[in-house]
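Breakdown of the fold
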Amino acid sequence: MKPLLLDSPWDDWELEGAPAYRVEQIRDWIFEKGILDWEEMSNLPRSLRDELAKIWDTIPMEQVRIQGSADTTQKFLWRLRDEQLIEGVLIPATTGTKGVRSSRLTLCVSTQVGCALGCKFCASGLDGLKRNLSTGEIIGQILLARKEAGRRIDNLVFMGMGEPLANLRSVRPALDQILSPKGLGIGARHITLSTSGLVPKILELAKYPAQVRLAISLHGGDNQTRERIMPINRTYPIEQLLEACERFIEERKKMITLEYILIEGINDDLAQAELLANHARRLNAKVNLIPYNQVEGLEWKRPELSQIRAFHKKVEEGNAPRVTLRMEKGHDIDAACGQLRLRESSVDAC
Ligand code: SAH
Ligand code: SF4
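Model, not experiment: these values are computed from the prediction.

So, about the confidence of the model for the protein. On average, the protein scores 91 in pLDDT, and the residues at 70 or more come to 91%. Below pLDDT 50 for its whole length, residues 342–350 participates in 11 contacts with residues either more than four positions away or in separate chains.

A separate point is the nonpolar core. Counting 103 residues, the largest nonpolar core has Ile 26, Ile 30, Phe 121, Leu 156, Phe 158 and Ile 256 as the members making the most contacts within it. For this core, the element with the highest residue contribution is helix α8 (residues 238–252), accounting for seven residues. Split by domain, the residues of this core number at least three in each of domain 1 (1–59) and domain 2 (63–347). The residues contacting Phe 158, other than those within four sequence positions of it, are Val 109, Thr 111, Ile 138, Pro 164, Val 171, Leu 175, Ile 178, Ile 191, Thr 192, Leu 193 and Ser 194.

Contacts to ligand 2 come from Cys 115, Leu 117, Gly 118, Cys 119, Phe 121, Cys 122, Gly 162, Glu 163 and Ser 196. By residue class, the composition of the shell around ligand 2 is five nonpolar, three polar and one charged.

With that settled, the discussion passes to the site of ligand 1. What surrounds ligand 1 is a group of 20 residues, the closest being Gly 162, Ser 194, Ser 217, His 219 and Asn 293. A distance of 3.0 Å separates a nitrogen atom of ligand 1 from a polar backbone atom of Gly 162. Measuring from a nitrogen atom of ligand 1, one finds a side-chain N or O atom of Glu 163 at 3.2 Å. Coverage of ligand 1 by the protein chains reaches 93% of its 530 Å² of free accessible surface. The residue inventory of the shell around ligand 1, partitioned by class, reads 10 nonpolar, nine polar and one charged.

Among the surface-exposed residues, Asp 11, Asp 12, Glu 14, Glu 16 and Glu 51 lie close enough to one another that they form a single negatively charged patch. Relative to the elements of secondary structure, Asp 11 occurs in the segment before α1 (20–32). For Asp 11, a relative accessible area of 56% puts it in the exposed group.

Moving on, we come to the packing of aromatic side chains. On inspection of all chains with the given rule, the structure shows three aromatic pairs. Between Phe 76 and Trp 78, the aromatic rings sit 5.2 Å apart at their centres with planes inclined by 5°, giving stacked as the arrangement. Judged by relative accessible area, Phe 76 falls into the buried class, the value being 0%. On the accessibility criterion, Trp 78 (0% relative accessible area) is buried. Between Phe 121 and Tyr 292 the ring centres are 6.5 Å apart and the planes differ by 85°, which places this aromatic pair in the edge-to-face class. Of this pair, Phe 121 sits in the loop between β5 (112–114) and β6 (129–132) while Tyr 292 is found in the loop between β11 (286–291) and α10 (305–317), placing the two residues 171 residues apart along the sequence.

So, about unusual backbone geometry. Positive phi values are uncommon outside glycine, yet His 219 reaches one of about 60°. Looking at the secondary structure, you find His 219 in the loop between β9 (213–217) and α6 (223–229). Of note, Asn 284 is a non-glycine position whose phi angle comes to about 50°, a positive value. Following the sequence through the fold, Asn 284 ends up in the loop between α9 (270–283) and β11.

With that settled, consider α1. Taking 1.5 Å per residue as the helical rise, α1 with its 13 residues ought to reach 18 Å, and the 17 Å between its terminal C-alpha atoms agrees with that figure. In this structure, the buried residues of α1 make contact with α2 (46–55), α3 (135–149) and α4 (168–179). Immediately downstream of α1, the backbone of Gly 34 shows phi near 70°, a positive value.

This part is about the packing of α3 against α4. Taken N-terminus to C-terminus, the directions of α3 and α4 make an angle of 45°; their axes are 8 Å apart at the nearest point. Looking at the two axes, α3 sits oblique to α4. Between α3 and α4 the crossing geometry is right-handed. Touching Thr 135, Ile 138, Ile 139 and Ile 142 of α3 are Arg 169, Ser 170, Val 171, Pro 173, Ala 174, Gln 177 and Ile 178, all from α4. Among the residues forming the contact of α3 with α4, the class breakdown is seven nonpolar, three polar and one charged.

Reading guide: rules and limits
Residues numbered from 1 in each chain as written. Chains lettered and ligands numbered in written order. Predicted model: local features only at pLDDT ≥ 70, side-chain atom pairs only at ≥ 80, totals over all residues. Heavy atoms only, no water. pLDDT = per-residue confidence, 0-100. Contact = heavy atoms within 4.5 Å. Core = buried A, V, L, I, M, F, W, Y, C linked by side-chain atoms within 4.5 Å. Buried < 20%, exposed > 50% of the residue type's maximum accessible area, 1.4 Å probe, protein only. Helix = DSSP H or I, 4+ residues; strand = E, 2+ residues; numbered from the N terminus. Domains from an automatic or database assignment. Near = heavy atom within 4 Å. Nonpolar A, V, L, I, M, F, W, Y, C, P; charged D, E, K, R; others polar. Polar contact = N/O pair within 3.5 Å; in protein donor to acceptor, adjacent residues only side chain to side chain. Areas by Shrake-Rupley, 256 points an atom, 1.4 Å probe, with all protein chains shown as cover. Patch = residues over 30% accessible without salt bridge, like charges linked within 9 Å, V, L, I, M, F, W, Y side chains within 5 Å. Salt bridge = Lys/Arg side-chain N within 4 Å of Asp/Glu carboxyl O. Lys, Arg positive; Asp, Glu negative; His and termini not counted. Charge placed at Lys NZ, Arg CZ, Asp CG, Glu CD. Phe/Tyr/Trp six-rings, centres within 6.5 Å; stacked < 30°, edge-to-face > 60°. Expected span 1.5 Å × (residues − 1). Axes fitted to C-alpha atoms, helices over the stretch in contact; angles between N-to-C directions. Parallel < 35°, antiparallel > 145°, perpendicular 65-115°, else oblique. Left-handed = near helix turned anticlockwise from the far one by under 90°.

Right, here's the structure in full:
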């Protein structure tokens, strides 16, 4: 397989001795115009295009399908060059009381094929980790989604398939290019990395120069509850995780978010709501409650609406600084991570 051009930062591109202005033209095609195919880079001489195409691949993945429509949540399934499948979700934000759509678009980005951490409720972790994504495959998702949307992407959340902090080797250089004004030009405060709680990596991320945001997948207020659904808690128990969060906050002076998916009979009792509120107060963290999105073949369920509301109320009463209840927009299109790929592979298997 040829090397992927997007795996190396554009300011390192030497491109077989092409003059700097040609390299700049190529950067412009890719990052400004979103054109990845050598054939379409019409201001490059044919001989240069042919020569570079022999050496470099520029297209990290092909689109297999899109679910949903442009004015709602859209889910992409992409096939990588080695046939592995990954997903991305594009979410438009709504504002105002009359449901008028604002112009903000958020892309949920994948960082691995599968995931090694095996959270029991998650479709991405079902078959373990296949491989890490490369830097170019991470950037490629944004370029392809942007092209499909026909407009800029405002926010990135690293909440697709995989554990971003287990692949910082690719994620960090991808972030460098995402942040760069000559790359994708998305500001750090519009980028959120979500982690299931890899303590040493949280501390490493705290030292990353750009102020990217951090979300912690907590999903349980104590070790017993967390451990039932998240094996990582055995390696990094909740107390260590909360301490790492404190260190991150101290370093960054930024609020973090505690993500909490609500699963019936597992973590939705009101005692857990109290614990969650305590942790949020201690960290001065936002809380994001997410009713579980059911995964085919798994036993877990979303609680009744009345229980979701009672849980929400209890966290608010516990004086958590800011609590939101996010009713999953993509519920009807398998928008939780890993689900579309799961469906596609079962289709393939038929
Ligand atoms: N590995 C990282 C980021 C990817 S998962 C992490 O775990 O944080 C992104 C978020 O989706 C996590 O909070 C995860 O717990 C949540 N999630 C996974 N499966 C889900 C499901 N079926 N319904 C709702 N949220 C889910
Ligand atoms: Fe991996 Fe995150 Fe899914 Fe857990 S929730 S298996 S860490 S992708």
